[in-house]
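Structural overview
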Amino acid sequence: ALVFHEGFAEHFAEEARLVAGLQHDNIVRVMDTEQAYGTHFIVMEKLTGTLLEDLIYSDQTIEWQNCRRILREICEALAYSHEKGFVHRDIKPENVFMLTDGRVKLMDFGIATKGGAGDTGKVLGTPYYMSPEQICGQPVDGRSDLYSLGILAYELVTRDVPFDADSIDGLFACHIRKPLPDPRREIADLPDDLYEFIMRATRKKPEDRFADCGEAAAYLKAAAEVPVLDRFGMTTIS
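Counting restarts for each chain, with residues numbered from 1 along the sequence as it is written. With pLDDT at 70 or above as the cut-off, local features in this predicted model cover only qualifying residues; side-chain atom pairs require 80 or more to be listed or tallied, and sums for whole chains, interfaces and linings still use all residues. As a rule here, side-chain values cover all heavy atoms of the structure and leave hydrogens and water aside.

**Remarks on the overall build of the chain**
Helical segments are the DSSP runs of H or I of at least four residues, strand segments are the runs of E of at least two, and each set is numbered from the N terminus. Helices and strands together make up the secondary structure of the chain, namely eight helices and seven strands. Three labels apply to residues, based on accessible area from a 1.4 Å probe with only protein chains included: buried if under 20% of the type maximum, exposed if over 50%, partly exposed otherwise in between. Per-residue burial over the chain gives 45% buried out of 238 residues. Contacts in the chain between residues far apart in sequence, at least 24 positions, make up 65% of those at least 6 positions apart. For the accessible areas, the method is Shrake-Rupley and the probe is 1.4 Å, while residue cover comes only from the protein chains on display. About 12,400 Å² of surface is accessible on the chain, with carbon and sulfur atoms providing 51% of the total. Whether two residues are in contact is decided by their heavy atoms, any of which lying within 4.5 Å being enough.

Written out as structure tokens, the structure is:
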């Protein structure tokens, strides 16, 4: 039905062109676009695995090291897209694909925009994950995606979103004014580094978050390496 919406074809083709220009191991690869049978297609690489959303709400246990790796790979994909000048604006588990080998593929750049520009005044995104500045229709940069990733990280470890309300306006008000619920109320043994990542990424003011997704990725990478260093140290002492 979207084929008949004015401007859809141009927007669809622009999404394909945008993603085709992004060459990163953790971003889905676009091969081509086609127009046939009265509709439009984006031809992407074939992915085998499952959505992160399905993994979160399955009975499968996600180990802390795996949580760190998933978040780091999303950070690295975002850092790359931000370097290319694009803000995703719709980071959520439904847009993260988990390959059978465990690697992450970030998908759906349909509402991506040039950082600091684009649809000022328009509210685009998924309400459960939107940053305060995105909700207010202000210009956004990579720190807006980082906020959404922080909300995703909260959901990844607690298996629930931090904010909910009876209306969209109520949900928006939570993102703008309500402090993030303490994830340790749900998961008492949440590691310090994941706790810090969630709390820092979801701060209301962009300047209070990580400087960018590259810094956030480096933080998660360092945290993941600490247990390895500890084991090495213990072996040396032995």
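**Let's talk about the sheet that holds strand β6 (residues 104-106)**
Judged by pairing direction, the sheet is antiparallel, and its three strands sit side by side in the order β3-β5-β6 without closing on themselves. For this open sheet the edge positions go to β3 (49-51) and β6, each flanked by a neighbour on one side alone. Mean inter-strand twist for the sheet, computed between neighbouring axes without regard to direction, equals 25 degrees. Strands were regarded as paired on the criterion that DSSP finds at least two bridges between them. Sheet topology places strand β5 (residues 96-99) next to β6; three bridges connect them, and they run antiparallel. Looking across to β6, one finds that F97 is bridged to K105. Set on the sheet, helix α3 (residues 64-83) makes contact with β5 and β6; between it and β6 the angle comes to about 35 degrees. For helices, the fitted line uses only the C-alpha atoms of the stretch in contact; every axis is such a line through C-alpha atoms, and the angle between N-to-C directions lies from 0 to 180 degrees.

**Looking at unusual backbone geometry**
With a phi close to 55 degrees, Y37 is a non-glycine residue in the positive phi region. Along the chain, the position of Y37 falls in the loop between β1 (30-36) and β2 (39-44). The class for Y37 is exposed, based on a relative accessible area of 81%. Positive phi, close to 75 degrees, is recorded for R89, a residue that is not glycine. Mapping R89 onto the fold places it in the loop between β4 (86-87) and β5. Given the relative accessible area of 7%, R89 is considered buried.

**Topic: the side chain of K105**
Tracing the sequence through the fold places K105 in strand β6. Within the local environment of K105, its side chain forms a polar contact with the side chain of E45, the two groups lying 3.1 Å apart. Any pair of nitrogen or oxygen atoms within 3.5 Å is treated as a polar contact; in protein, a donor-acceptor pairing is required on top of that, and neighbouring residues in sequence qualify only through side-chain atoms on both sides.

**Notes on the pattern of salt bridges**
Salt bridge, as applied in this entry: a Lys or Arg side-chain nitrogen positioned within 4 Å of an Asp or Glu carboxyl oxygen. Counted under the stated rule, the structure contains eleven salt bridges. Two residues, K105 and E45, come together in a salt bridge whose shortest N-O distance is 3.1 Å. Taken together, the residues span a long stretch of sequence, with K105 in strand β6 and E45 in the loop between β2 and β3 at a distance of 60 residues. For the pair K105 and E45, one class covers both residues: buried. When the shortest N-O distance is used, the salt bridge between E133 and R209 registers 2.8 Å.

**Describing α3**
Helix span is expected to be 1.5 Å times the residue number reduced by one. The first and last C-alpha atoms of α3 sit 28 Å apart over 20 residues, in line with the 28 Å expected at 1.5 Å per residue. For α3, a buried count of 14 out of 20 residues is recorded, marking the element as mostly surrounded by other parts of the structure. Looking one or two places after α3, you find G85, whose phi comes out positive at around 100 degrees.

**Quick notes on the packing of aromatic side chains**
Aromatic pairing here means that ring centres of Phe, Tyr or Trp (its six-membered ring) are within 6.5 Å. Orientation follows from the plane angle: under 30 degrees is stacked, over 60 is edge-to-face, and everything else is tilted. The final tally for this structure, using the stated rule, is two aromatic pairs. When the ring of F197 is compared with that of F210, the centres are 5.6 Å apart and the planes differ by 35 degrees; the resulting orientation is tilted. With F197 in helix α7 (residues 192-201) and F210 in the loop between α7 and α8 (213-237), this residue pair connects regions lying 13 residues apart in the sequence. With a relative accessible area of 0%, F197 lands in the buried category. Here the aromatic cluster, defined as three or more aromatic residues joined through ring pairs, consists of F197, F210 and Y219. Think of it as a cone above the ring: NZ of Lys or CZ of Arg counts as a charge over the ring if it is within 6 Å of the ring centre and within 35 degrees of the ring normal. Looking at R184, its charged tip hangs above the ring of Y195, at a distance of 4.4 Å from the centre.

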